[in-house]
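As a plain string of letters, each chain reads:
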Amino acid sequence: FAAQLASSRLKMHTFEPDPTTFNTLKKNLAEKLKVAPEVAALQQKGVVLHNEGVADTPGKLDMYDGGGTSAQHTLRPIGKKLGSVEVRMLSSLEGELGAGFSVDFLK
């Protein structure tokens, strides 16, 4: 889905706070889009990668192992604490995208 969206004229911002999962995302998107696994190459295809999470306040939050794979990592205090991750408010994108930006899809 992400590769199809990114190959259109739309711009996609991805938010992934876990460094390992972020690198996997970057690699997978690069393979699908047939570009180098570099942030700049992906941006040329309309994909903007953010190695941070989204929350209601900016800062750092603790991340926990919610079940064994990075797809199950959570900010809820369950399982083993993995460390802290950077988070930002979605509204902080206004500086990058301009006033009045809109979000059509958020996962």
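Reading the values: rules and limits
Residues numbered from 1 in each chain as written. Predicted model: local features only at pLDDT ≥ 70, side-chain atom pairs only at ≥ 80, totals over all residues. Heavy atoms only, no water. Pairing = 2+ DSSP bridges. Helix = DSSP H or I, 4+ residues; strand = E, 2+ residues; numbered from the N terminus. Contact = heavy atoms within 4.5 Å. Core = buried A, V, L, I, M, F, W, Y, C linked by side-chain atoms within 4.5 Å. Buried < 20%, exposed > 50% of the residue type's maximum accessible area, 1.4 Å probe, protein only.

A short note on the pairing of strand E6 (residues 81–88)
Note: strand E3 (residues 53–54) against E6, two bridges, orientation parallel. Across the sheet, the residue bridging to Gly53 is Val87, located in E6. With six bridges joining them, strand E4 (residues 59–65) and E6 adopt antiparallel strand pairing. Residue pairing in the sheet places Met63 in a bridge with Gly83 of E6.

Some remarks on the side chain of His50
Mapped onto the fold, His50 is located in strand E2 (residues 47–50). His50 has contacts with His13, Thr14, Phe15, Glu16, Phe22, Arg88, Leu93 and Glu96, leaving out every residue within four places of it along the chain.

A word on the nonpolar core
Listed in full, the eight residues of the largest apolar core are Met12, Phe22, Leu29, Ala30, Leu33, Leu42, Val47 and Leu49. Where this core is concerned, the elements lending two or more residues are helix H2 (19–33) and E2. When residues of this core are assigned to their parent elements, the largest contribution, four residues, is made by H2.

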